[in-house]
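# Observations on the three-dimensional arrangement
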Amino acid sequence: MAQSKSSGRASPRARVKEEPAEALNPLWPAPPFEVPAVPWLRPAWQRLLGLQQQQRLPHGLLLLGAPGQGVLELARHFADWLLCTQPIHDAGHERACGNCPACHWRLAGSHPDLVVVRPEEGREIGIAEIRALIDTFAITRQGAVRVALIEQAEQLSHSAANSLLKLLEEPPPGSLFLLTATSAERLPATIRSRVQRLVPGIPSDQALHQWLMQQHGLSADDAALLSFLGEPNVLSGQMPEGDWLAVAEGWLTLWQNPAALPSVVQRWQSVPRPVLARWLLRLWIAVAEIRAGLPSPAPATLDRILRPLAAQESALDDQKRYRILIAFAQTATHPLNEELALERLAMDLIRADLPERLD
Ligand SMILES: [Zn+2]
């Protein structure tokens, strides 16, 4: 992860992991935190341990949660734990040993009883991936725990989901199908009926601040900002790469002085369009909340920029701006001319500030 470029603050470093071998795992990066020690993941982790110890693990488990809440890391940690032959039972720090033969295979990406299925960026999980899983699990093994980790299961194509369903209906002995998804509703009902759901808690803002400060040594301001922005990798404790402050200031500048449009576009160009779209939407929600008389969700650094916006704009502007920002977000990954796309956005946002009769 790159360091923060222009926020004017030193980017905090993630704590160095104690077991360097984990970093070699080709299947997934070592999480920058200890899963069992994360307060809002701990109850779910204990539930998983309890199911295993009581030998009541179902064949299918669906872990649900928004990206960035640690659900994926929880599933991976549990897969590590199950496959390890000498797991370390240190309360609150339970983990795979990293040294037994099973851990060595896993860390080399060649454990015969671990299959990881995940979609490529922006694509579905196709039937070929599930067929490969079926073939792997068709090989008879004795007494082995087998784990199929299916990440972002909502990306399963229709035919892939049907194939997976057959496996779930007649699971090979000792197998566990560990699915992660953002929302159960986006999975076929037939799959949902074959898996047990587990929904880890969502951290409160305050719990997340505290944790970021303790775990990653962030200042209170940075912790507040990071949890406000709700970046997908918030748990890494890394401040965003782009200049979030310039993005927010650019919006205020546009409103104060539309003639500054070219310089604002230039500033916004420093941030990838999908990130810019996400941040502007987040800021827009905060502006709407402030105007509605709700407590400002933004940290002080941003609040001083958002309050003038909230004081001057009307609820009507909000609705128009929402449509503009959604339209921008929907095309954020399209290969458009960067400068033209941002100029169009800035002009649309300026127009949203005009009274309705001029629109
Ligand atoms: Zn081990």
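Residues numbered from 1 in each chain as written. Predicted model: local features only at pLDDT ≥ 70, side-chain atom pairs only at ≥ 80, totals over all residues. Heavy atoms only, no water.

Moving on, we come to the environment of Leu62. When you line up the elements, Leu62 lands in strand E1 (residues 60-64). Residue classification places Leu62 among the buried residues on the basis of a relative accessible area of 0%. Counting along the chain gives 215 residues from Leu62 to Ala277, while the straight-line C-alpha distance between them is 30 Å. Excluding residues within four positions of it along the chain, Leu62 makes contact with Leu179, Thr180, Ala181, Ala184, Leu187, Val195, Gln196, Arg197 and Leu198. (Helix = DSSP H or I, 4+ residues; strand = E, 2+ residues; numbered from the N terminus. Buried < 20%, exposed > 50% of the residue type's maximum accessible area, 1.4 Å probe, protein only. Contact = heavy atoms within 4.5 Å.)

A few words on the packing of helix H9 (residues 244-256) against helix H10 (residues 261-268). Axis angle and axis distance: for two packed helices, these are the angle between their axes and the distance between the axes, and together they describe the pair. Interaxial distance between H9 and H10 falls to 9 Å at its minimum, and their mutual angle equals 165°. Judged by the angle between their axes, H9 and H10 are roughly antiparallel. Here H9 runs over H10; the crossing is left-handed. When H9 is examined against H10, the residues Ala246, Val247, Glu249, Gly250, Trp251, Thr253 and Leu254 are found in contact with a partner set consisting of Leu261, Val264, Arg267 and Trp268. (Axes fitted to C-alpha atoms, helices over the stretch in contact; angles between N-to-C directions. Parallel < 35°, antiparallel > 145°, perpendicular 65-115°, else oblique. Left-handed = near helix turned anticlockwise from the far one by under 90°.)

With that settled, consider the sheet that holds strand E2 (residues 114-117). The strands that make up a sheet are held in pairs by hydrogen bonds between backbone atoms, and each pair lies either parallel or antiparallel. Read from one edge to the other, the open sheet built from 5 strands follows the order E2-E3-E4-E1-E5, with strand pairing classed as parallel. With one partner strand each, in any of the chains shown, E2 and strand E5 (196-198) form the two edges of the open sheet. In this sheet, adjacent strand axes meet at a mean angle of 20° when their direction is disregarded. For strand E3 (residues 146-150) and strand E4 (residues 175-181), the ladder comprises 5 bridges, and the chain directions are parallel. (Pairing = 2+ DSSP bridges.)

Its volume calculated, the largest pocket comes out at about 1,500 Å³. Around the largest pocket sit 46 residues that line it, and Pro67, Gly68, Leu72, Gln152 and Pro232 are the ones nearest its centre. Of all elements in the fold, only helix H2 (71-83), E4, helix H8 (220-229) and helix H11 (273-291) reach the threshold of two or more residues within the lining of the largest pocket. Top element by residues in the lining of the largest pocket is H11. It accounts for 5 residues. Classifying every residue of the lining of the largest pocket gives 21 nonpolar, 14 polar and 11 charged. (1 Å grid on protein atoms, 1.4 Å probe; cavity = no way out; pocket = protein on both sides within 12 Å on 5 of 7 lines; lining within 4 Å. Points joined across faces, edges and corners; volume = space filled by probe spheres on them. Nonpolar A, V, L, I, M, F, W, Y, C, P; charged D, E, K, R; others polar.)

Applying the stated rule across the entire model yields 6 aromatic pairs. Each ring, one from Trp45 and one from Phe78, has its centre 6.0 Å from the other, and the planes form 90°; the classification is edge-to-face. With Trp45 in helix H1 (residues 42-53) and Phe78 in helix H2, the pair connects residues that are 33 residues apart, well separated along the chain. Linked through ring pairs, Phe33, Trp40 and Trp211 together constitute an aromatic cluster. Lying over the aromatic face of Phe137, Arg146 brings its terminal NZ or CZ to 5.1 Å of the ring centre. (Phe/Tyr/Trp six-rings, centres within 6.5 Å; stacked < 30°, edge-to-face > 60°. Lys NZ or Arg CZ within 6 Å of the ring centre and 35° of its normal.)

Surrounding the zinc ion are the protein donor atoms Cys84 (SG), Cys97 (SG), Cys100 (SG) and Cys103 (SG), at 2.2 to 2.3 Å. One can describe the donor arrangement at the zinc ion as tetrahedral, given that its 4 donor atoms subtend angles of 105 to 117° at the metal. Written as a sequence motif, the donor residues of the zinc ion are C-x12-C-x2-C-x2-C. Of the two residues, Cys84 sits in the loop between H2 and helix H3 (101-107) while Cys100 sits in the loop between H2 and H3, which places them 16 residues apart along the sequence. The same class applies to Cys84 and to Cys100, which are both buried. (Donors = N, O, S within 2.8 Å, 3.2 Å for Na, K, Ca; no water. Tetrahedral: all angles 85-135°; square planar, octahedral: opposite > 155°, others 65-115°.)

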